[in-house]
Amino acid sequence: MTTPVLAYYDMRMLGHNPHGWDPSHPAWTDAVKAMIALQYPNSNLETYSHPERPDRLTAIVDRLMLDPIEGVRWMLPTAASTAQLERVHDKTYVAHIESLEGDSCWLAQDTTAVSPGSVDAARLAAGAGISAVEAISAGEARRAVCIVRPPGHHAHSDHASGFCLYNNLAVTAAHARESLGYQRVMVWDWDMHHGNGTQEIFYSDSSVLVVDSHCAAPFYPGSGLLHETGAGAGAGSQFNVPFPPGSGNAALLKVFDEVVKPAAKAFKPDIILVSSGFDCHYLDMVCAMDETGFAILAQRMSDLADELCNGRLVVLLEGGYNAQALADSAHAVVKVLAGNPVNACNVLPDDPGCKAVADAVQFHQGLKTRRTRGILNVEPSR
């Protein structure tokens, strides 16, 4: 049976087009080159171009247009308002980003940058999730996918980082709670990089449960350690699952089965949001997933949403920098969201991530036991 899926996209997001090095910050350029050489040792720094480029979106949209999926309805997002952005970002930070409209400059040495169309694109990217949860709340559909850029999960409450200006998922979660009455929001961030901005924004918030699976430090951004589990009222609401490079489909399925699903059943979310980076795909050179893995993750998340929150599920694009991997993975995910079952999933004979996931499960179970017994008297630090 076909399931309606709302697909949010606006070509104005292609106007975000940072590129090249910033000659006004030579020290930053040197630091970025060192970071790229460490993470991607085969890269040619002389021909390097900014990885967060417009064809990330056109690759996905072109594939969905050329190979259409029954049940998908294309939607234009409404740009996020200043007030909506300020629910999760400091007023001075929002004002700073808005002041950059029409400019080209770097904001951080990790090549987070703006071009003349970036501020408009960022408002639309943040607004897409809001548009999606409002449509779901109105009963227009139960599933939505937001094909957006710039990405968001590295954006902190008060500064940009990791190619991200506004934290699209955090803005969406805050709107779902404060305007639509969803008391409990669950997030799974399966991007290869830790969503340090999302973690910071909700670190002390018990109404948002965040599971984040990612390549372990020192891989960028170097956060997301096991002991980072929340603070104050939010203690225990952050589940980090770091794994080594080379991890594949089996490791991520293990994250779902042993972390995401049991945590969701205990939390009982009113809506589920996914920070869907596709950079764990093997074509992005660091991990070993493929589109069959992302498809089965989407299927299991859809089933979980059906069981726990009347099917309410929103998938927001984060990273992924190989055009073919983006097109194949996004198409596979949308196809599943539209009700097409997964027939097979490729699994490595020896997935190096499985042991790391098992270690994380053991850690979080032990932490829960100590909290239950009242013998955990020190809050985990960030």
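Residues numbered from 1 in each chain as written. Predicted model: local features only at pLDDT ≥ 70, side-chain atom pairs only at ≥ 80, totals over all residues. Heavy atoms only, no water.

By the naming in an unreviewed UniProt entry, the protein chain goes by histone deacetylase and is assigned to Vreelandella vilamensis. The Sequence similarities (unreviewed entry) comment attached to the protein chain in UniProt states, word for word, "Belongs to the histone deacetylase family. HD type 2 subfamily." (UniProt positions renumbered as here; feature names shortened; annotations may be inferred.)

Visitor: Which residues make up the overall build of the protein chain, and what values do they have?
Guide: Across its full length, the protein chain holds 11 helices and 10 strands. Taken over C-alpha atoms, the radius of gyration comes to 19 Å for the protein chain, in line with the 21 Å a tight globule of 382 residues would show. Based on the C-alpha atoms only, the size of the protein chain along its principal axes is roughly 55 × 45 × 45 Å. With 382 residues in all, the protein chain has 58% of them scored as buried. Carbon and sulfur atoms make up 53% of the accessible area of the protein chain, which amounts to about 14700 Å² in all. Between the centroid of the 27 positive side chains of the protein chain and the centroid of its 42 negative side chains there is a distance of 8 Å. (Helix = DSSP H or I, 4+ residues; strand = E, 2+ residues; numbered from the N terminus. Rg over C-alpha atoms; globule rule 2.2 N^0.38 Å. Buried < 20%, exposed > 50% of the residue type's maximum accessible area, 1.4 Å probe, protein only. Areas by Shrake-Rupley, 256 points an atom, 1.4 Å probe, with all protein chains shown as cover. Lys, Arg positive; Asp, Glu negative; His and termini not counted. Charge placed at Lys NZ, Arg CZ, Asp CG, Glu CD.)

Visitor: Quick rundown of the nonpolar core? Include the residues and the values.
Guide: Residues Tyr 8, Trp 188, Trp 190, Val 260, Leu 273, Met 301 and Val 314 are the most contacted members of the largest nonpolar core, which totals 111 residues. The element that contributes the greatest number of residues to this core is helix α5 (residues 118-137), accounting for 12 residues. (Core = buried A, V, L, I, M, F, W, Y, C linked by side-chain atoms within 4.5 Å.)

Visitor: How would you summarise the confidence of the model for the protein chain if you had to cite specific residues and measurements?
Guide: It should be kept in mind that the predicted coordinates are not to be read in detail where pLDDT is low. Confidence along the protein chain averages 93 in pLDDT terms, with 96% of residues attaining 70 or more. A low-confidence stretch, residues 377-382 (pLDDT under 50), is modelled with 13 contacts involving residues beyond four sequence positions or located in other chains. (pLDDT = per-residue confidence, 0-100. Contact = heavy atoms within 4.5 Å.)

Visitor: Give me the lowdown on the pairing of strand β10 (residues 313-317), citing residues and values where you can.
Guide: Of all 5 residues that make up β10, 5 are buried, and the element is covered over most of its length. The sheet contact formed by strand β5 (residues 143-146) and β10 spans 4 bridges and is parallel. Within β10, the position partnered with Val 145 by the bridge is Val 315. Judged from the 5 bridges that link them, strand β9 (residues 271-276) and β10 form a sheet pairing that is parallel. Bridge pairing links Ser 275 to Leu 316 in β10. Following the backbone out of β9, through helix α9 (residues 291-308) and into the adjacent parallel β10, one traces a crossover that is right-handed. (Pairing = 2+ DSSP bridges. Right-handed = clockwise from strand over helix to strand, strands pointing away.)

Visitor: Explain the packing of helix α8 (residues 249-267) against α9 to me, and be specific about the residues and the numbers.
Guide: Close contact between α8 and α9 brings their axes to 10 Å; oriented N to C, the two are set at 10°. By the angle between their axes, α8 is roughly parallel relative to α9. Along the contact surface, α8 presents Asn 249, Leu 252, Leu 253, Phe 256, Asp 257, Val 260, Lys 261, Ala 264 and Lys 265, while α9 presents Thr 292, Gly 293, Ile 296, Leu 297, Arg 300, Met 301, Leu 304, Glu 307 and Leu 308. (Axes fitted to C-alpha atoms, helices over the stretch in contact; angles between N-to-C directions. Parallel < 35°, antiparallel > 145°, perpendicular 65-115°, else oblique.)

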